[in-house]
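Residue strings, one per chain:
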Amino acid sequence: MSRFTTYEKIQNGIASLAGFDPDAIHDDVWRTWRQLISDRLTYAWELETWPDICLVEERTVTDNGVDDYVPFTETNKSEMGEIFGIFSDDPITSSQAKQLDFFLESHGASIPNGHTSVYVYYRKQKPEFTGYFIDANETYSAGSQIYDSATGDFYTARLQNAPTHDLSDNTRWERVQIPRIFQQYLIRGATADYYRHNQEYERGRELSPLAEQALDHELIKYKIQQNQRKNYISNRQNLQAF
């Protein structure tokens, strides 16, 4: 089973709770749910160092003539959100990896000079759902987002894409992935928010605790059942501050 769910499954779950036909959702309702799901995802995404959205990855260092820094974006790699550590070598496989000091700036993370590449432990930038149903005849610029009803997910253009569109081409399109662990929280939370949006406050209050329970359940599995009170990187005793 994939560790990721689809946007369509979340949308259908909301439809089921709220009493909608998932195949006959009005456009205004569809757009409202898109925003509510996106808003709810922010909290879950940034709550913890979830392994599905956090990774250690080699990144290229840029020298701008003043200092060295690691840009937040790099071609064919995920945009970095929060950075938890920067290392001289792969901290998972190398016992010689040194943790580097870094300073966050608008263009990236500044580091001590002398490195052409480093390994960064970071959380992927939380995606926003802004796209609409794909138009096969449309040319999409880099950064544009579309929704594909065939796969039930959003895709962001890495490059400018003229018709026709091959969404399976990972060099041109990046699929927006939603961790499966967030599914029930997003369904219940977005439905509660939709009730409040429609001034059905009592129904919203009844459902909100169930959304929090779903997220708490995933936290218990991660922190206690799988003993991940600290992430793997922070547990390594052989890393030395640089």
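The structure we're discussing is the one just above.
Residues numbered from 1 in each chain as written. Predicted model: local features only at pLDDT ≥ 70, side-chain atom pairs only at ≥ 80, totals over all residues. Heavy atoms only, no water.

> I'm lost on the environment of Asn 161 in this one. Help?
By the secondary structure assignment, Asn 161 is in the loop between strand E12 (153-157) and strand E13 (173-175). Residue Asn 161 is classed as buried on the basis of its relative accessible area of 3%. In sequence terms Asn 161 and Glu 138 are 23 residues apart; their C-alpha atoms lie 8.5 Å from each other. When residues no more than four places from it in sequence are discounted, the contact partners of Asn 161 are Glu 138, Thr 139, Tyr 140, Arg 172 and Trp 173. A distance of 2.5 Å separates a polar side-chain atom of Asn 161 from the backbone oxygen of Leu 159. In this structure the side chain of Asn 161 is engaged in a polar contact, spanning 3.4 Å, whose partner is the side chain of Trp 173. (Helix = DSSP H or I, 4+ residues; strand = E, 2+ residues; numbered from the N terminus. Buried < 20%, exposed > 50% of the residue type's maximum accessible area, 1.4 Å probe, protein only. Contact = heavy atoms within 4.5 Å. Polar contact = N/O pair within 3.5 Å; in protein donor to acceptor, adjacent residues only side chain to side chain.)

> How should I be thinking about helix H2 (residues 27-47) in this particular structure?
An α-helical turn contains 3.6 residues, so a residue and the one three or four places further along point in the same direction. Here H2 is 21 residues long and its end C-alpha atoms lie 31 Å apart, about the 30 Å a rise of 1.5 Å per residue gives. Buried within H2 are the following residues: Val 29, Trp 30, Trp 33, Arg 34, Leu 36, Ile 37, Ser 38, Arg 40, Leu 41, Ala 44 and Trp 45. (Expected span 1.5 Å × (residues − 1).)

> Looking at this structure, how should I read the packing of H2 against helix H3 (residues 183-197)?
Helix-helix packing is characterised by the crossing angle of the two axes and by the distance between the axes. Two elements in contact, H2 and H3, have axes whose closest approach is 9 Å; the angle formed by their N-to-C orientations is 125°. Here H3 runs oblique to H2, going by the angle between their axes. Like other packed secondary-structure pairs, H2 and H3 cross with a definite hand, here right-handed. Along the contact surface, H2 presents Val 29, Thr 32, Trp 33, Leu 36, Ile 37, Arg 40, Leu 41, Tyr 43 and Ala 44, while H3 presents Tyr 185, Leu 186, Gly 189, Ala 190, Asp 193, Tyr 194, Arg 196 and His 197. Looking at the contact of H2 with H3 residue by residue, the class counts come to 11 nonpolar, 3 polar and 3 charged. (Axes fitted to C-alpha atoms, helices over the stretch in contact; angles between N-to-C directions. Parallel < 35°, antiparallel > 145°, perpendicular 65-115°, else oblique. Left-handed = near helix turned anticlockwise from the far one by under 90°. Nonpolar A, V, L, I, M, F, W, Y, C, P; charged D, E, K, R; others polar.)

> Explain the sheet that holds E13 to me, please; I cannot follow it from the model alone.
Whether parallel or antiparallel, the strands of a sheet pair through hydrogen bonds between backbone atoms. Spatially, the 4 strands line up as an open sheet ordered E10-E11-E12-E13, and their pairing is mixed. In this open sheet, the two strands that pair with only one neighbour each are strand E10 (132-133) and E13. Where strand E11 (residues 145-148) lies against E12, 4 bridges are found, and the strand directions are antiparallel. Across the sheet, the residue bridging to Ile 146 is Tyr 155, located in E12. (Pairing = 2+ DSSP bridges.)

Treat this as a map of the structure, not an account of what it does.
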